[in-house]
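Here is what each chain is made of, one letter per residue.
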Amino acid sequence: MRRLRFSVAGGLLAAVACGMAGAAEIAPQDRRSGADFMSAESRAMQAEDAANPGMLWVLDGERLWQAPAGAAAKSCADCHGAAQTSMRGVATRYPAFDARANRPVDLAGRINLCRTGQQNATALALDGQDLLALTAYVAHPSRGLPVTPEADARLVPFRENGRRLFERRMGQLDLACASCHDDNWRGRLGGSPITQGQPNGYPLYRLEWQALGSLQRRMRNCMVGVRAEPYELGAPEYIDLELYLMSRAAGLPLETPAVRP
Amino acid sequence: MTASPADTSSSLASVLAAGLAIFAAPPLYAQEAPLAYAVAGDAIERPLAGQAGDAARGAALMGDRHKSLCVLCHSGPFGPVQLQGTLAPDLTGIGDRLSPGQIRLRIVDMKALQPESLMPAYYRIADAPRVAAAWREKPLLTAGEIEDLVAYLSTLKE
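Not measured: the values here are computed from a predicted model. (Residues numbered from 1 in each chain as written. Chains lettered and ligands numbered in written order. Predicted model: local features only at pLDDT ≥ 70, side-chain atom pairs only at ≥ 80, totals over all residues. Heavy atoms only, no water.)

Peer 1: What is the right way to look at the state of the cysteines in this model?
Peer 2: By definition, a disulfide links two cysteine residues through a covalent bond between their sulfur atoms. Considering all chains together, one arrives at 0 disulfides over all chains under this definition. Free cysteine A:Cys180: the closest other cysteine sulfur is in B:Cys73, separated by 7.1 Å. For the unlinked cysteine B:Cys70, the closest cysteine sulfur is that of B:Cys73, found at 9.3 Å. (Disulfide = S-S within 2.5 Å.)

Peer 1: Explain unusual backbone geometry here, please?
Peer 2: Excluding glycine, residues mostly have negative phi values, and the peptide bonds linking residues are mostly trans. In this structure, A:Pro95 follows A:Tyr94 across a cis peptide bond, with omega equal to 0 degrees. In this structure, A:Pro95 sits in the loop between helix H5 (83–86) and strand E1 (96–98). Of note, the bond from A:Thr256 into A:Pro257 is cis; its omega dihedral lies within 30 degrees of zero at -5 degrees. Its location among the elements puts A:Pro257 in the loop between helix H11 (236–248) and strand E7 (259–260). Positioned with a positive phi, A:Asp127 is a non-glycine residue whose angle comes to about 65 degrees. Here A:Asp127 lies in the loop between helix H6 (107–117) and helix H7 (129–139). The exposure class of A:Asp127 is partly exposed, given its relative accessible area of 25%. Even without a glycine there, the phi angle at B:Leu69 is positive, about 70 degrees. Residue placement: B:Leu69 occurs in the loop between helix H3 (55–63) and helix H4 (70–73). (Helix = DSSP H or I, 4+ residues; strand = E, 2+ residues; numbered from the N terminus. Buried < 20%, exposed > 50% of the residue type's maximum accessible area, 1.4 Å probe, protein only.)

Peer 1: Got a minute to help me understand the interface of chain A and chain B in this structure?
Peer 2: How big an interface is tends to be stated in terms of the accessible area lost upon association of its parts. Contact with chain A, which involves 28 residues of that partner, is made by 33 residues of chain B. Interface of chain A and chain B: buried area, both sides summed, is about 2400 Å²; carbon and sulfur atoms make up 54% of it. Contact with chain B buries surface across chain A, with A:Gln172, A:Arg227 and A:Glu229 losing the most and accounting together for 29% of the total. Where chain A touches chain B, the interface holds 2 salt bridges. With its nearest N and O atoms 2.9 Å apart, the salt bridge here joins A:Asp174 to B:Lys111. Where chain A packs against chain B, one counts 15 residue pairs in polar contact (both at pLDDT 80 or more). Looking at the side of chain A that touches chain B, the elements that each hand over two or more residues are helix H1 (2–17) and strand E3 (188–189) of chain A. Of the residues that constitute the side of chain A that touches chain B, the class distribution is 14 nonpolar, 8 polar and 6 charged. (Contact = heavy atoms within 4.5 Å. Buried area = accessible area lost by both parts, 1.4 Å probe. Salt bridge = Lys/Arg side-chain N within 4 Å of Asp/Glu carboxyl O. Polar contact = N/O pair within 3.5 Å; in protein donor to acceptor, adjacent residues only side chain to side chain. Nonpolar A, V, L, I, M, F, W, Y, C, P; charged D, E, K, R; others polar.)

Peer 1: Help me understand the environment of B:Thr86, please; the structure alone is not making it clear to me.
Peer 2: Along the polypeptide, B:Thr86 turns up in the loop between H4 and helix H5 (94–97). For B:Thr86, a relative accessible area of 48% translates into the label partly exposed. A distance of 2.8 Å separates a polar side-chain atom of B:Thr86 from the backbone nitrogen of A:Arg188.

In structure tokens form, the structure reads like this:
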């Protein structure tokens, strides 16, 4: 017992020495979607398909799902059929390990692997409208299902790296993701709720953006906010962070396309 | 993890090192590098720029949330309360509770007093990873701006 306590103290010292944020992970019963912090108006906008601007991208994604693409002239639907059934639950399990890439890929990355590998088409631009629309369309059938991270041992080191990045202070303001989203999620930053930084609604329509955007875009926003140099679009760090965020969000309902302020 | 100057426990040492760098650095860097200062207890008694700040300019800077950032975390008798943060102590009456020298050290380097503090060190070259290009090699605020804030905050009495 004494030895155990000693090692805990050592771990704390190491955490301080590495400039990590101090706090503990949010307990499962305290996990709350960003939707819980929104105004009633924004929640109603998300809940009602006719009012949810993200549904425009979902509709566009349906068109792309049906459209033949690339040298193979195959559409997504030619192999996968109706997304409402074939894609149900898929988004709750991403990022997932890809054997050829030998690392995890996010849902948008998976779609691009299908394009290059199966359709013989060019990859869609990361964060471009077509890839956002297709990703939203593929995630939409999982709406309401709980986030269920894959229990794949190959993901473990990447998820651990994501956690390390989440807890690492960075930028001129010397803050970690965890400084706000683990330690102070009940607080307000300049009057706005901080929230837990949960990833369960992406791609989502952000009123501030007036557009659908990816989790990577949102993470870049936060990095710019702490005056850090954001990782390059598509960088492996974002995938590792998303892996950790999705494990931290396990059980929350998928909300794609969510609406956020 | 590679060792970085962020791990330096003595902020005074790093500030002194930055001060020494003035002699070796190009003029632009020298203009922005923090000057050396002396910590006595939990205070920096002497004004950073050698002269007292201006409370009116400090009040304006407090209201410039994108520059001073204060109200993102702190509340107090300045501006609309619904736009103020709840992450840090309310600054109402701070001039009663802390001396100007104590306020000065807390702005300059709160982490010297509380290593795990959220509050950025306002008068230190950031040594955390990935500092964006626009913010490298300069402190958050200049010595004069910090003195203006010290002057303003010292007027907040109940």
